[in-house]
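# Chains, contacts and geometry: an overview
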Amino acid sequence: MLAAARQLSTRSLAGRALSKPSTLVKPVVNSLYQKPAVLIPRRGLNDVAHSEKETIVKLLYNIGSRKEVEQYLRHFSSVESQKFAVIKVGGAVLTDELETLASALTFLNRVGLYPIVLHGAGPQMNKLLEDAGVEPQYEEGIRITDPKTLAIARKVFMAENLKLVEALERHGTRARPIPGGVFVADYLDKEKYGYVGQITGVNKDMIESSIRAGALPILTSLAETPEGQILNVNADVAAAELATVLEPLKIVFLNEKNGLYHGVTGKRIEVINLDEEYEDLLKEPWVRYGTKLKIKQCKELLDGLPRSSSVAIISAGHLHKELFTDSGAGTLIRRGHKLFKYGSLDQVDPDKIRRIMEAEDPSVKSGEQSVASYLRELQGKKDISIYTDEPGQVLAVVTRDSSDASKPAVLEKLLASKTAVLNNVPDNLWNTIRKEHPVLSWRVDAKQAEGTMDRSWHFERADGSLRNASDGSTMFFYGIQDSDKVKQTLDGFGTTQKRAYSTWTGARRTMMPQRRGYSTNASAGVKKVGLIGARGYTGKELINIINNHPGLELSHVSSRELEGKPLEGYTKADLTYVNLKPNALKEQEHVDAWVLALPNGVCTPFVHQVEKDVANGDSRDKVLLDLSADYRFDDSWTYGLPEFNRKNLVGATRISNPGCYATGAQMSLRPLLPFLDAQSAPTVFGVSGYSGAGTKPSPKNDPAVLKDNLLPYALTGHIHEREVSHQLGTKIGFIPHVASWFQGIALTVNVPLAKPMTSRDIQAAFADYYQDEKLVHVLDQGEPYVRDNAGKHFVRIGGFAVHPEGRRAVITTTIDNLLKGAATQAVQNLNLALGYDEYAGIPIE
């Protein structure tokens, strides 16, 4: 679509989806548009455009999950080009954030989207009026426009319009200046306001022509009377009129503040559902002046548009995150879907239930159950709550056992269309259900878990769960505080089937990133951890962290060499080292997780025995966390690097902890993956303290050998070289060394780049990528030192040097091999798997 609409040269851009495009996208874009154009055959243009789009879509994965990005991209691409978005740009944005704006719009265009841009010029106009000695006059908030003011307005709008068009074209994005001819208007009140217009019509032809030619239409808010007189119109008003005619999915108001803010808490308002909140919101004493006016304007606008339309108030730098992630970044205003609750089947339109079940219910679509048979089942139930929305895009059915009030309510049915999910209707419905049902259980079968609300959606909202190994279904619950009642509830699930349990968290599980408008409140119960292989350095560090953890407790410490000796330094209980064999694990029913801190190739008998015990029904399933490399290449296990795989670690039962070098190397490379030279592999030069060589005596951990020495080893084919290449999906070279210090790793990473970049570009990429990560510290300048990172739980990244030609960057990273490279990361993974806060027990600096 993009290639057919515009011509491309070889000067194409792989932009980015980071939150500060002005610091990275602008220099990258400008550096790529300095070569002469080269003619490319039409087929070649299509290939270039397709490759370019694929690259930029991958960049979007930096700000959201693949599923989020792809579903929003499909959503936006499902309508005609002019119905994607109307973006209103304030004059201050053109002055202060021009390059950021141009980068953001370029990015959208590169994935085949054509936002319609309408800009104001208020601050620029005020400046010129002041220079001309004209004092701005306002009446009821409307600028009085006399002939002199109108002449200045026309001059300002023409200049600012051309400025934005030229900025876009510097970025390689075709844009068409349309300073007039779109809006038809009459005088609002000539005697009172002068040359101020009230829009009476919108000419779409110029906009559609621009898009057909492959150019972004850049509009001003100037209007004309049928006789040709130019009139001044407020840009917000013009944007609203344009949206009313085009009915876009998104109306975006760009401002510098990145949204609306709560007048009491000072926090940004993430979402406003007008149908549910409008009247109460206007009663709030802090909702006044500009905030009140903006909310009223948005309601008036959205009331005349389809429910799929929404308004976003956002800054230019966060536009991508707002458009392509569930969590968003600014303030989202939408009508929402008014929810209805019915106390019996007779009160609800059965056709509405039938439509959504036939469209979204896996059991109905597969023919396992008919709508009629399900409705007959509901007829026989007395205590029932049926929830749906006005257009019939969500359905929830909650039942209660009227003979036993102590039993939790049961969510029998929860269905939602893709459109409802994109508009967060299920989240609003869920909030209503939680208010009315403080204790709830529900079952999600295997087919349903792959639908519009996958299993992770349910994990976010549950305190605990049980998985049925025989059919892949999962039982979820929340609000049950008593452990006996938890057991009673779970025992009622699949009583005739062989079961596989997941542990009860005692609290709602958390997921990152969350959908906007929903927050979790996690507390935690006590979980028992058995440590097999406790003699090594990593085992000792793990014991220290668990000793200070608010919920985890050690149940066993197993070591063949230390069997019978007391465990020192652990204060939660008196433990003695044991020597557990694989066939003894099934007897330890109270253990929630086993940590296998064993050498490579040793843990497999333990894993196989646990799998066998679970399959035979001799043991409930438990979390297995392997610190060795045995399962890092097994895709049936979850790779435990939370910064890159957090979502999949929630509730995981088989986790492979990454290697220490592999963790540091991936941290050093992942933000630059979109910019790598496909023809040259990055090289990682690593130096570790001798604790990384383990406790078994060898030259690599002999201080006498290492004194005044640096010992290279495994010069090719090191397992961490294969691990990093496997996880990043691109080949890397790795050269490890051992040094004379005990603990800590230094990595110097050479990165060939596809296009020229600057040191500032590189640093910005890392700062943006890791901005919310508590255990990753990105330096503003300079290189990190091993001695400053030893004993610390975080990674420190710096250097960011770039060769004068701009095609090679060097990153320097330090990490403690025993902590974030092993034990700290293991605790992060246990926390996510068992339902704690990810950083519970880990000192945050």
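None of these values were measured; they are calculated from a predicted model.

### Observations regarding the layout of surface pockets
- In this structure, the second largest pocket encloses a volume near 1700 Å³.
- What lines the second largest pocket is a set of 49 residues, among which N234, A235, D236, K294 and Q297 lie closest to the centre.
- Listing elements by their share of the lining of the second largest pocket, those giving two or more residues are helix 5 (91-96), helix 7 (122-131), strand 4 (142-143), strand 7 (197-202), helix 11 (235-246), strand 11 (250-254) and helix 13 (289-303).
- Residue classes in the lining of the second largest pocket are distributed as 22 nonpolar, 17 polar and 10 charged.

### Remarks on the nonpolar core
- In this structure, L411, L440, W442, L531, L554 and V557 are the most contacted members of the largest nonpolar core, which totals 62 residues.
- The element best represented in this core is helix 30 (residues 819-834), accounting for 8 residues.
- Once residues lying within four places of it in the same chain are set aside, the contact partners of L554 are V529, L531, I543, I546, L567, Y570 and L575.
- Counting residues in hydrophobic clusters, the runner-up holds 52 residues, among them L94, A175, I211 and A312.

### What about the packing of helix 6 (residues 98-110) against helix 8 (residues 147-170)?
- It is the contact of helix 6 with helix 8, at a shortest axis distance of 9 Å, that shows an interaxial angle of 60°. The orientation of helix 6 relative to helix 8 falls into the category oblique. The two elements helix 6 and helix 8 meet at a crossing, and its hand is right-handed. Residues L98, E99, L101, A102, L105 and T106 of helix 6 pack against K163, L164, A167, L168 and R170 of helix 8.
- Each residue belonging to the contact of helix 6 with helix 8 can be placed in one class, and the counts come to 7 nonpolar, 1 polar and 3 charged.

### Focus on the sheet that holds strand 25 (residues 593-596)
- In spatial order, the strands read 24-23-25-26-28-27; together these 6 strands make up an open sheet with parallel pairing. Single-partner strands in this sheet number two, and they are strand 24 (552-558) and strand 27 (638-639).
- Sheet contacts for helix 22 (residues 537-547): strand 23 (527-532), strand 24 and strand 25; angle to strand 24, the most-contacted strand, approximately 150°.

### Regarding helix 17 (residues 371-379)
- Taken together, the buried positions of helix 17 are occupied by V371, S373, Y374, L375 and L378.
- The elements touched by buried residues of helix 17 are helix 15 (350-360), helix 16 (362-365), strand 16 (384-389), strand 17 (394-399) and strand 18 (409-416).

### Side note on the confidence of the model for the protein
- Per-residue confidence for the protein averages 81 on the pLDDT scale, and 82% of its residues sit at or above 70.
- In the predicted structure, residues 1-53 sits below a pLDDT of 50 and forms 127 contacts with residues beyond four places in sequence or in another chain.
- Counting interchain partners and residues more than four positions distant, the pLDDT-below-50 stretch residues 494-524 has 133 contacts.

### Let's talk about the sheet that holds strand 10 (residues 230-231)
- Ordered in space as 7-6-9-10, the 4 strands form an open sheet in which the pairing is mixed. Single-partner strands in this sheet number two, and they are strand 7 and strand 10.
- With 2 bridges joining them, strand 9 (residues 223-224) and strand 10 adopt antiparallel strand pairing. Bridge pairing in strand 10 links E224 to I230.
- Sheet strands in contact with helix 11 are strand 6 (183-187) and strand 7, and its direction is about 20° off that of strand 7.

### With respect to the pattern of salt bridges
- Scanning all chains against the criterion turns up 23 salt bridges.
- Ionic pairing is found between E589 and R620, a salt bridge with its closest N-O pair at 3.8 Å. Within this pair, whereas E589 is found in the loop between strand 24 and strand 25, its partner R620 is found in the loop between helix 23 (604-615) and strand 26 (623-626), the two being separated by 31 residues in sequence.
- Residue E589 is classed as partly exposed on the basis of its relative accessible area of 37%.
- Under the relative-accessibility criterion, R620 is labelled buried at 17%.
- With a closest N to O distance of 3.4 Å, E845 and K792 form a salt bridge. Of this pair, E845 sits in the segment after helix 30 while K792 sits in the loop between helix 29 (786-789) and strand 34 (795-802), and the two are 53 residues apart along the sequence.

### What about unusual backbone geometry?
- If you check the backbone angles, A714 has positive phi at about 40° while not being a glycine.
- Tracing the chain through its elements places A714 in the loop between strand 30 (711-712) and helix 27 (719-728).
- The class for A714 is partly exposed, based on a relative accessible area of 36%.

### Quick word on the packing of aromatic side chains
- One pass over the full model with this rule turns up 14 aromatic pairs.
- With a centroid separation of 6.2 Å and an interplanar angle of 65°, the aromatic rings of F644 and Y769 are classed as edge-to-face. You can see F644 sitting in helix 24 (residues 642-649) and its partner Y769 sitting in helix 28 (residues 759-769), a full 125 residues away along the chain.
- Among the aromatic residues, ring-to-ring pairing joins F644, F766, Y769, Y770 and F800 into one connected group.
- Here the basic side chain of K413 rests over the ring of Y374, its NZ or CZ set 4.3 Å away from the ring centre.
- Cation over ring: R670 sits above F644, and NZ or CZ is 4.4 Å from the ring centre.

### What about the environment of V786?
- Residue position: V786 is located in helix 29.
- For V786 and T814, which are 28 residues apart along the polypeptide, the C-alpha to C-alpha distance reads 5.8 Å.
- Those residues in contact with V786, other than ones at most four positions away along the chain, are W741, Q743, G744, I745, A746 and T814.

The rules behind each value
Residues numbered from 1 in each chain as written. Predicted model: local features only at pLDDT ≥ 70, side-chain atom pairs only at ≥ 80, totals over all residues. Heavy atoms only, no water. 1 Å grid on protein atoms, 1.4 Å probe; cavity = no way out; pocket = protein on both sides within 12 Å on 5 of 7 lines; lining within 4 Å. Points joined across faces, edges and corners; volume = space filled by probe spheres on them. Helix = DSSP H or I, 4+ residues; strand = E, 2+ residues; numbered from the N terminus. Nonpolar A, V, L, I, M, F, W, Y, C, P; charged D, E, K, R; others polar. Core = buried A, V, L, I, M, F, W, Y, C linked by side-chain atoms within 4.5 Å. Buried < 20%, exposed > 50% of the residue type's maximum accessible area, 1.4 Å probe, protein only. Contact = heavy atoms within 4.5 Å. Axes fitted to C-alpha atoms, helices over the stretch in contact; angles between N-to-C directions. Parallel < 35°, antiparallel > 145°, perpendicular 65-115°, else oblique. Left-handed = near helix turned anticlockwise from the far one by under 90°. Pairing = 2+ DSSP bridges. pLDDT = per-residue confidence, 0-100. Salt bridge = Lys/Arg side-chain N within 4 Å of Asp/Glu carboxyl O. Phe/Tyr/Trp six-rings, centres within 6.5 Å; stacked < 30°, edge-to-face > 60°. Lys NZ or Arg CZ within 6 Å of the ring centre and 35° of its normal.

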